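One letter stands for each residue in the lines below.
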Amino acid sequence: MTLPSAYTPAPDRRFNPGDRVRVKASYPPGHRRTPWYIRGKTGVIERVCGAFPNPEELAYGFSGEPKRVLYRVRFSMREVWPDYQGAAHDLIEVEIYEHWLDAAQGA
Amino acid sequence: MSHDHDHDHPPAKGRDHDEGPPSEHEILSRAMQELLEEKGVLTAEQIRRRMEQFDKDFPTRGARVIAHAWVDPQFKKRLLADGKAACAEFGIDLEADRLIAVENTAEVHNVVVCTLCSCYPRALLGMPPTWYKSENYRKRVVRDPRGVLKEFGTVLPEKVTVRVHDSNADMRYVVVPMRPKQTEGWSEERLAKILTRDALVGVSIPLI
């Protein structure tokens, strides 16, 4: 299901498609683009989106430099919502900046 | 249950945006519009016309692109690999840096939401509908997508994987629905007519 991306890959990046990652369970104040419901959850890198100006800086009128690597991370619905009633194979994919991700154990 | 302390505690959550009294930002925005009108900088009529003009300029472009992808497999391949570049072939300059086109198949159904605000490929699909911006849709489609899709009249078999896309940062999304079998031989123009906005967001499927 994962397609090769034609986007300019980010050269200095920590993760590659297929890597398991955990979103930081952190709740700093300010403008954050990491939804609450996904914090602390473990998923797999679906694709590398490229490097973009850091929205957490842009929001306050800064340049957003250095750019941050943005990934799409795929999570199982059951991982995100332990009481999920739909099919076990249902998925949710979320865009997460690298500084919000840690490497996770497992295949 | 043990409670490890390697994380911060979430503060109490704020109020919902489309429920209850208007938020500070909504009040600010309305006050700004009223002031601009009062000072004679803008008229309400100009604002309304601008919104109408936007709707006129953009609404059918997404359908045309997807209809072309239905009849031209090579174009579909390019669209799925790089949505922005494929749209540029149509002379459509997207406001976002990236467009990700996701394809519905017999195995996978895609649906798009922006849980943080209302990110939407406006240059392709026009202004987002009110339901897309509602707290109700944004909150529930990530938690119970099958339930929300059912409310739109879209009931998916258990074996189909529901793939929800949170358009929460710099990407924008468009769904490439499955082409109904009965549409063989249809012109792109005719195909575009069944490619509704809702089908391109993924809450419905094209009906003949």
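Predicted, not measured: the structure shown is a model, and the values here were computed from it.

For chain A, the count of helices and strands is two helices and five strands. Starting at the N terminus and walking to the C terminus, you meet the elements of chain A as β-β-α-β-α-β-β. Long-range pairs, those at least 24 residues apart, make up 61% of the contacts in chain A with a sequence separation of at least 6.

Between chain A and chain B, the residue contacts involve 28 residues of the former and 28 residues of the latter. Listed by contribution, the elements that provide at least two residues to the side of chain A that touches chain B are strand S2 (42–52) and strand S4 (91–97) of chain A. Per-element tally for the side of chain A that touches chain B: the top contributor is S4 of chain A, with five residues. Classifying every residue of the side of chain A that touches chain B by side-chain character gives 19 nonpolar, five polar and four charged. Where S4 of chain A meets strand S3 (residues 161–166) of chain B, four bridges bridge the pair, whose relative direction is parallel. In the sheet register, Leu91 of chain A faces S3 of chain B, and the bridge partner there is Arg163 of chain B.

Let's shift gears to the confidence of the model for chain A. All names here are of chain A. Scored by pLDDT, chain A comes out at a mean of 88, with 89% of its residues at no less than 70. Within chain A, helix H1 (residues 55–58) has the poorest average pLDDT of any element, 88, and strand S1 (residues 20–23) the best, 98. Low confidence marks residues 1–6, where pLDDT is under 50. Its contacts with residues over four positions away, or in another chain, come to 11 contacts.

Residues and elements named next belong to chain B. In terms of burial, S3 is a largely internal element, five of the six residues being buried. Of the strand pairs in this sheet, strand S2 (residues 108–113) and S3 are connected by six bridges, and their pairing is parallel. Looking at S3, one finds that Val111 is bridged to Val164.

It is worth spelling out the sheet that holds S2 of chain B at this point. Pairing in this open sheet of seven strands is mixed, and the strands run S5(A)-S1(A)-S2(A)-S3(A)-S4(A)-S3(B)-S2(B) from one edge to the other. Edge positions in the sheet fall to strand S5 (101–103) of chain A together with S2 of chain B, since each has one partner strand and no second. Across this sheet, the average inter-strand angle for adjacent strands is 35 degrees, counted without regard to direction. In terms of strand pairing, S1 of chain A meets S5 of chain A through three bridges, oriented antiparallel. Bridge pairing in S5 of chain A links Arg22 of chain A to Asp102 of chain A.

This part covers helix H2 (residues 44–57) of chain B. Helical geometry note: an α-helix holds 3.6 residues per turn, so side chains three or four residues apart project in the same direction. With 14 residues, H2 of chain B should cover 20 Å at 1.5 Å per step; its first-to-last C-alpha distance of 20 Å lies within 8% of that length. Counting buried positions along H2 of chain B gives zero out of 14 residues, so the element sits mostly on the surface.

So, how was this worked out
Residues numbered from 1 in each chain as written. Chains lettered and ligands numbered in written order. Predicted model: local features only at pLDDT ≥ 70, side-chain atom pairs only at ≥ 80, totals over all residues. Helix = DSSP H or I, 4+ residues; strand = E, 2+ residues; numbered from the N terminus. Contact = placed C-beta atoms within 7 Å. Nonpolar A, V, L, I, M, F, W, Y, C, P; charged D, E, K, R; others polar. Pairing = 2+ DSSP bridges. pLDDT = per-residue confidence, 0-100. Buried ≥ 20, exposed ≤ 12 C-beta atoms within 10 Å, placed from the backbone. Axes fitted to C-alpha atoms, helices over the stretch in contact; angles between N-to-C directions. Expected span 1.5 Å × (residues − 1).

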